[in-house]
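Each chain, written out:
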Amino acid sequence: MTHRPLACRPLARRDVLIGAGLLAVLPAAALAQVTPAPAPAPTAPAPKPPVYVAIDTPQGRIVIELAVAQAPITTANFLRYVDRKLYDKATFFRASRAPGTVDYGLIQGGLQGIGALPPVAHEPTSQTGLKHTDGVVSIARTAPGTATSDFFICIGDAPYLDANPAATGDNQGFAAFGRVVQGMDVAKKILALPTPGKAINPVMKGQILDPPVPITSARRIPAPGPDITAPPKL
């Protein structure tokens, strides 16, 4: 019997691709051609670098780190006076001590309204997240939105200066905007100085330095080295 050879079935394109190991690759490659790549995630803005200001006095130097990210309005206001060298005419004029102690209270400095720039909006601690802890620097005011040049340094924790929305009346507290990173010993020396001066504001009776401590300069400086006497970071 004569056997006829089986007819050869033509190789389909699929068979060729399977044999070449390309079938699994081709659909993925084709998909990449028609599917757009996902958009890159938006880049978060770089954090603002800290700004440091050195306040020089005959008692020594106090270096402040400004909380520019948390309190942009108040720090910008403070830097207006620094950059225009207006604090060179200022003094530390007030030392408010707790009764019976010389190492707890606050010292206040500034122009006392003489030659002050226009006031700025209030930034309460409930908005900035800052607190009036040991070494914190804050802006003085009467009513909210009246702050100009005068500032104070806390020596010891002072939570009663923070905003308290649950309180009645003026409950917005004071606007903290930085902290002392060097020179807390200088701040404590100023706090301990005699306060026989006459107070224009009755609230400050017995708290006015006489003589006041001159601020000889206030300038931006590069980041200082560590100070073991500085309070913990905010």
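Above this text sits the structure in question.
Remarks on unusual backbone geometry
Piece 1. Note the cis peptide between Asp-210 and Pro-211, where omega equals 5°.
Piece 2. Among the secondary structure elements, Pro-211 is positioned in strand β8 (residues 208-214).
Piece 3. Despite not being glycine, Lys-85 shows a phi value in the positive range, around 60°.
Piece 4. Summarising the element assignment, Lys-85 is placed in the loop between α3 (72-83) and β3 (91-97).

Describing the packing of aromatic side chains
Piece 1. Overall, the coordinates contain seven aromatic pairs when judged by the stated rule.
Piece 2. Their ring planes at 85° and their centres at 5.6 Å tell us that Phe-152 and Phe-174 sit as a pair that is edge-to-face. Of the two residues, Phe-152 is situated in strand β6 (residues 151-155) and Phe-174 in the loop between β6 and β7 (175-182); the sequence distance between them amounts to 22 residues.
Piece 3. For Phe-174, a relative accessible area of 23% gives the class partly exposed.
Piece 4. Counting every residue linked through ring pairs, the aromatic cluster contains Phe-78, Tyr-81, Tyr-87, Phe-92, Phe-151 and Phe-177.
Piece 5. When the ring centre of Phe-174 is taken as origin, the NZ or CZ atom of Arg-141, which lies over that ring, is 5.2 Å away.

Details of the pairing of β6
Piece 1. The element β6 is largely enclosed, with a buried count of five among its five residues.
Piece 2. Neither face of β6 is left uncovered, since the one carrying Phe-151, Ile-153 and Ile-155 and the one carrying Phe-152 and Cys-154 both have all their residues buried.
Piece 3. Bridging between strand β4 (residues 105-110) and β6 involves five bridges; their strand directions are antiparallel. Counted as the bridge partner of Gly-105 is Ile-155 from β6.
Piece 4. Taken together, the three bridges between strand β5 (residues 136-139) and β6 define a ladder with antiparallel strand orientation. Within β6, the position partnered with Ser-138 by the bridge is Phe-152.

Here we look at the pattern of salt bridges
Piece 1. Scanning the model with the defined rule gives five salt bridges in all.
Piece 2. The shortest N-O distance in the salt bridge between Glu-65 and Arg-179 comes to 3.4 Å. Separated by 114 residues along the polypeptide, Glu-65 in strand β2 (residues 60-66) and Arg-179 in strand β7 bring together distant segments of the chain.
Piece 3. The class for Glu-65 is buried, based on a relative accessible area of 11%.
Piece 4. Put simply, Arg-219 and Asp-88 hold a salt bridge, and the shortest N to O gap is 2.8 Å. Here Arg-219, found in strand β9 (residues 217-221), pairs with Asp-88, found in the loop between α3 and β3; they are 131 residues apart in sequence, far enough to count as distant.
Piece 5. Residue class for Arg-219 comes out partly exposed when judged on its relative accessible area of 30%.

Calculation criteria
Residues numbered from 1 in each chain as written. Predicted model: local features only at pLDDT ≥ 70, side-chain atom pairs only at ≥ 80, totals over all residues. Heavy atoms only, no water. Helix = DSSP H or I, 4+ residues; strand = E, 2+ residues; numbered from the N terminus. Phe/Tyr/Trp six-rings, centres within 6.5 Å; stacked < 30°, edge-to-face > 60°. Buried < 20%, exposed > 50% of the residue type's maximum accessible area, 1.4 Å probe, protein only. Lys NZ or Arg CZ within 6 Å of the ring centre and 35° of its normal. Pairing = 2+ DSSP bridges. Salt bridge = Lys/Arg side-chain N within 4 Å of Asp/Glu carboxyl O.

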